[in-house]
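Analysis of the macromolecular model
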Amino acid sequence: MPRAIDDFTFVRETGLYDKLISDGWLVPFEDVAPSVLGDLPNAPAAVLEHPPLPFISYPYEWPFEALKAAALHHLKVHLRALEHGVTLSDASAYNIQFRGAAPVFIDHLSFVRHRDGEFWTGHRQFCEQFLNPLLLRAQLGVPHNAWYRGMLEGIPTDHLNRLLPLRRKLSLNILMHVVLPARFQKNFSDSGSANEIKSAKTAKLPLAALRRMLEKLQRWIERLTPPEGTTEWSDYAEKNSYNDAAADMKRRFVETFVSETTPELVWDLGCNSGDYSVAALKAGAGYVVGFDVDQGALSKGFDRATRENMDILFLYFDAANPAPDQGWGEEERKGMAARGPADGVLALALVHHLAISCNVPLPRIAAWLASLGSAGVVEFVPKSDPMVRRLLQLREDIFADYSEENFLDALRVHAEIVDISAVPDCARKLIRYRVRQAPGERATDGR
């Protein structure tokens, strides 16, 4: 499209790309010959190549703090663009990715020439993909992840408006960005006339007013926080069933695994607040993705990664119901398996939750773990452990097959057992394994 290449050329000549890239706000790129794409019916005017990111994640996987950081980054980038006579054509949360806990903008073609008086066309999208999910948690205490995953374009403003009690709607910010837009959308869809459509298209928003709107949104979002209180596992790192000696041994076991296998990408399943993710990173892992279902634990982990500038990305993850391939053609947003395999997998204090809380048979758990990466460390927690007894308190023990021996037999079907070590002062075992590559399979370290 001629306008697209004109906008790209204009933005490049303003120096905005270079400034954003040098500040780490925008993923870098370089021009490559269009011929790299082969023969196409309509050859592109330009082809850009950027370095790969360690792991692609999506807004429905981000904890509250990550979504908030992404929203603020989007606003920060937009405000910087306006200083160069440039605006953003949309406000998609999918234009943000993370390197550790640091958000980075990835869509170079969202930047277009700003034309004086034009409205912020991305306002509705920003609200539904950033603001509304944040308000769902901050105002109502409901995490956004499951809802957002089910509606990939975000949480509709009219839906959120129906949920908010009247006292919440008295806030000027909520009135401006939720209540009135919801009412406008309803009135417009019910009886939008040709004159109303023309009026909406020709309305003007001065540049100064647009900047004030973005800055006010920025200050408001900075103040948003989840409701106070602990979640089920948010204090697990401090209150668990093993002592300091056991924790130290587990940390050393992980460090040895990482130092001997030198994984570029480690997945820490059931990471809690990330103690063993940090251990893996310090032992030489290139990048760690920590997955957990507990919002409080993820908050602690993300805050720590932010403070210490660590290459650890914390994501919401239900191991019994991971994000699938979805979106257009079931290809637009990749599921967990399609974004692997990892070079190393940590699954500490996870198996008993899957087996007992979720009724997943041990052979299926072993097969799943082996499918995720070429090597790993898994912790087996026996029935005698206080945490397993806690899981069995309110249900019948129907798990006659739940034993260390049966789990090892199931894992040996797919992997070689490299080491088994007892955790001090408890009956738990740490198991290090290496996956056997089946004939004809692609190498498990390829991405």
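Everything in this summary refers to the structure shown in the same document.

Cut-offs and rules
- Residues numbered from 1 in each chain as written.
- Predicted model: local features only at pLDDT ≥ 70, side-chain atom pairs only at ≥ 80, totals over all residues.
- Heavy atoms only, no water.
- Helix = DSSP H or I, 4+ residues; strand = E, 2+ residues; numbered from the N terminus.
- Rg over C-alpha atoms; globule rule 2.2 N^0.38 Å.
- Contact = heavy atoms within 4.5 Å.
- Areas by Shrake-Rupley, 256 points an atom, 1.4 Å probe, with all protein chains shown as cover.
- Lys, Arg positive; Asp, Glu negative; His and termini not counted.
- Charge placed at Lys NZ, Arg CZ, Asp CG, Glu CD.
- Axes fitted to C-alpha atoms, helices over the stretch in contact; angles between N-to-C directions.
- Parallel < 35°, antiparallel > 145°, perpendicular 65-115°, else oblique.
- Left-handed = near helix turned anticlockwise from the far one by under 90°.
- Nonpolar A, V, L, I, M, F, W, Y, C, P; charged D, E, K, R; others polar.
- Core = buried A, V, L, I, M, F, W, Y, C linked by side-chain atoms within 4.5 Å.
- Buried < 20%, exposed > 50% of the residue type's maximum accessible area, 1.4 Å probe, protein only.
- Patch = residues over 30% accessible without salt bridge, like charges linked within 9 Å, V, L, I, M, F, W, Y side chains within 5 Å.
- Salt bridge = Lys/Arg side-chain N within 4 Å of Asp/Glu carboxyl O.
- Pairing = 2+ DSSP bridges.
- Phe/Tyr/Trp six-rings, centres within 6.5 Å; stacked < 30°, edge-to-face > 60°.
- Polar contact = N/O pair within 3.5 Å; in protein donor to acceptor, adjacent residues only side chain to side chain.

In terms of regular secondary structure, the chain is built from 17 helices and 13 strands. At 25 Å, the chain has a C-alpha radius of gyration in line with the 22 Å of a compact globule built from 447 residues. Taking the principal axes of the C-alpha coordinates as reference, the chain spans close to 75 × 60 × 40 Å. Summarising the internal contacts of the chain: among those between residues at least 6 apart in sequence, 72% fall at separations of at least 24. Approximately 21400 Å² of the chain is accessible, and the part contributed by carbon and sulfur atoms is 52%. Put simply, the chain has 50 plus and 58 minus side-chain charges, and the middle of one group is 7 Å from the middle of the other.

What follows covers the packing of helix H4 (residues 123-140) against helix H10 (residues 207-223). Helix packing for two helices is described by the angle between their axes and how far apart those axes are. Axis separation between H4 and H10 bottoms out at 12 Å; the angle between their running directions is 15°. Viewed along their axes, H4 and H10 adopt a mutual orientation that is roughly parallel. The two elements H4 and H10 cross, and the hand of that crossing is left-handed. Where H4 approaches H10, its residues His 123, Phe 126, Leu 131, Leu 134 and Leu 135 are matched on the opposing element by Met 213, Leu 217, Trp 220 and Ile 221. Of the residues that constitute the contact of H4 with H10, the class distribution is eight nonpolar, one polar and no charged.

Here we take up the nonpolar core. What tends to happen in soluble globular proteins is that the nonpolar side chains get buried as a cluster. In this structure, Phe 111, Phe 126, Trp 267, Leu 269 and Phe 407 are the most contacted members of the largest nonpolar core, which totals 130 residues. For this core, the element with the most residues is helix H3 (residues 64-82), which contributes 12 residues. Beyond its immediate stretch of four places on either side in the chain, Phe 407 contacts Val 351, Leu 362, Ile 365, Ala 366, Leu 369, Val 378, Phe 380 and Ile 431.

A surface patch of like charges, here positive, comprises Arg 212, Lys 216, Arg 219 and Arg 223. Along the polypeptide, Lys 216 turns up in helix H10.

Glancing now at the sheet that holds strand S12 (residues 415-422). The seven strands are arranged S9-S8-S7-S10-S11-S13-S12 in an open sheet whose pairing can be described as mixed. With partners counted over all chains shown, the strands left at the sheet margins are strand S9 (312-316) and S12, one partner each. The average undirected angle you get between the axes of adjacent strands in this sheet is 20°. By the bridge criterion, three bridges tie strand S10 (residues 344-347) to strand S11 (residues 375-380) in an arrangement that is parallel. What sits directly across from Leu 346, in S11, is Val 377. The strands that helix H11 (residues 244-261) touches are S10, S11, S12 and strand S13 (429-435); relative to S13, the one it contacts most, it runs at about 15°. With respect to the sheet, helix H15 (residues 362-372) is in contact with strand S7 (265-269), S10, S11 and S13, its orientation differing from that of S7 by roughly 155°.

What follows is about the packing of aromatic side chains. Summed over the entire model, instances satisfying the criterion amount to 18 aromatic pairs. The interplanar angle of 55° and the centroid separation of 6.2 Å between the aromatic rings of Phe 8 and Phe 29 together place this pair among those described as tilted. Here Phe 8, found in helix H1 (residues 2-14), pairs with Phe 29, found in the loop between helix H2 (16-22) and strand S1 (30-32); they are 21 residues apart in sequence, far enough to count as distant. Measuring from ring centre to ring centre gives 4.9 Å for Phe 380 and Tyr 402, while their planes differ by 25°; the resulting arrangement is stacked. Taken together, the residues span a long stretch of sequence, with Phe 380 in strand S11 and Tyr 402 in the loop between helix H16 (386-391) and helix H17 (404-412) at a distance of 22 residues.

Relative to the helices and strands, Ser 57 resides in the loop between strand S2 (47-49) and H3. By relative accessible area, which is 0% here, Ser 57 ends up buried. Engagement of the side chain of Ser 57 in a polar contact is seen with the side chain of Trp 62, the distance being 2.9 Å. When near neighbours in sequence (up to four residues on either side) are disregarded, Ser 57 contacts Trp 62, Gln 97, Phe 98, Leu 313, Leu 315 and Arg 339.

With that out of the way, let us pick up the pattern of salt bridges. Across all of its chains, the model carries 20 salt bridges by this definition. Taking the shortest distance from any N to any O, the salt bridge between Arg 12 and Asp 31 comes out at 2.5 Å. Here Arg 12 is found in helix H1, whereas its partner Asp 31 is found in strand S1, with 19 residues between them in sequence. The salt bridge involving Glu 128 is made with Arg 124; its shortest N-O contact spans 3.4 Å. One end of the pair, Glu 128, and the other, Arg 124, are both in helix H4, four residues apart, so they sit about a helical turn from each other.

Here the bond from Gly 340 into Pro 341 is cis, since omega is 0°, no more than 30 degrees from zero. Residue placement: Pro 341 occurs in the loop between S9 and S10. Phi at Asn 272 takes a positive value of approximately 55°, unusual for a residue other than glycine. Position of Asn 272 among the secondary structure elements: in the loop between S7 and helix H12 (275-282). When its relative accessible area of 8% is taken as the criterion, Asn 272 is described as buried. At Ala 349, a residue that is not glycine, the phi angle is positive and equals roughly 55°. Here Ala 349 lies in the loop between S10 and helix H14 (351-357). A residue is classified by how much of its surface remains accessible, and Ala 349, at 15% relative accessible area, is buried.

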